[in-house]
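Remarks on the overall topology
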2 protein chains.
Amino acid sequence: MAKFMDVHSGFHGVTPEELDAAHAADLKIEGEEGVHFERAWLDPEQGKVFCLSSGPSKEAVLRIHERTGHPTTEIYELTAEV
Amino acid sequence: MAKFMDVHSGFHGVTPEELDAAHAADLKIEGEEGVHFERAWLDPEQGKVFCLSSGPSKEAVLRIHERTGHPTTEIYELTAEV
C-alpha cells in the first residue's frame, strides 16, 4: 500500500461544507479501488485542495476523484514522511 | 494561529534521512517565530516536499525554512480541513 498526495487547482471560493461533501463522496466509493482518503486541506483563496491518501496506485486514487466529479492529474507518491 | 501547507520543488533524489534532518533543523528554531511544523511528506521521484505547519503567518513559516537552508515561496493558508 503506497501513500499519495494529490493536488486540485482552481477551487477558488470553495466552502468548508463543499470540501466535506467532496471528501464524503470519495469515502463512499473509495473501497471499490482499495483506496483510503485520510485527510484533505483547502486554501479557497488560492483555490488549492490537497488530499492525503493511501492505496494500491496513483491511478486507483485518481479514478475515485474522477468518479466523484473532482478529477485531477497532479499526484505524488510519498515514499517518506516525518 | 493559522495552518499552512508549503511546497518545495526540485528535491529529486532526497533520502528519508535528509528529510528527517531538514525537518529536525526546522523544529530546532521554529519556536523563535511561533511556528510548528507538524508533518512533512516527500516524493523524491518528482522532487516534491509538502510541509504542514501552524503559525502566525505565511512569512513566519517561510522565514524558518529560509534560515534552515530550504527556502520556498509556495505556501497555502488552509482554512478548512477534513
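Below, the structure is looked at part by part. Bear in mind the structure is a predicted one, so any value in this text is a computation, not a measurement.

Focus: the sheet that holds strand S1 (residues 2-8) of chain A
Ordered in space as S4(A)-S1(A)-S3(A)-S2(A)-S5(B), the five strands form an open sheet in which the pairing is antiparallel. At either margin of the open sheet sits one strand with a lone partner, and together these are strand S4 (74-78) of chain A together with strand S5 (80-81) of chain B. Across two bridges, the pairing between strand S2 (residues 36-43) of chain A and S5 of chain B is antiparallel. Each bridged residue has a counterpart across the sheet, and for Trp41 of chain A the counterpart in S5 of chain B is Glu81 of chain B. In the packing of helix H1 (residues 16-29) of chain A onto the sheet, the strands contacted are S2 and strand S3 (48-55) of chain A together with S5 of chain B, and the crossing angle to S2 of chain A comes to about 160°. On the sheet, helix H2 (residues 58-67) of chain A packs against S1, S2, S3 and S4 of chain A and is oriented at approximately 40° with respect to S1 of chain A.

Observations regarding the pattern of salt bridges
Under the defined criterion, the tally for this structure stands at 10 salt bridges over all chains. Measuring nitrogen to oxygen at the nearest pair gives 3.2 Å for the salt bridge that ties Lys3 of chain A to Glu81 of chain A. Placement of Lys3 of chain A in strand S1 and of Glu81 of chain A in strand S5 (residues 80-81) is noted, with a sequence separation of 78 residues between them. For Lys3 of chain A, a relative accessible area of 17% puts it in the buried group. Looking at Glu81 of chain A, the relative accessible area reads 36%, which means it is partly exposed. Residues Arg67 of chain B and Glu32 of chain B are paired through a salt bridge, measuring 2.8 Å at the closest nitrogen-oxygen approach. Placement of Arg67 of chain B in helix H2 (residues 58-67) and of Glu32 of chain B in the loop between helix H1 (16-29) and strand S2 (36-43) is noted, with a sequence separation of 35 residues between them. On the basis of relative accessibility, which here comes to 48%, the residue Arg67 of chain B falls in the partly exposed class. Taken together, the shared-partner salt bridges connect Lys3, Glu38 and Glu81 of chain A together with Arg39 of chain B into one network.

Rules used in this analysis
- Residues numbered from 1 in each chain as written.
- Chains lettered and ligands numbered in written order.
- Predicted model: local features only at pLDDT ≥ 70, side-chain atom pairs only at ≥ 80, totals over all residues.
- Heavy atoms only, no water.
- Pairing = 2+ DSSP bridges.
- Helix = DSSP H or I, 4+ residues; strand = E, 2+ residues; numbered from the N terminus.
- Contact = heavy atoms within 4.5 Å.
- Axes fitted to C-alpha atoms, helices over the stretch in contact; angles between N-to-C directions.
- Salt bridge = Lys/Arg side-chain N within 4 Å of Asp/Glu carboxyl O.
- Buried < 20%, exposed > 50% of the residue type's maximum accessible area, 1.4 Å probe, protein only.

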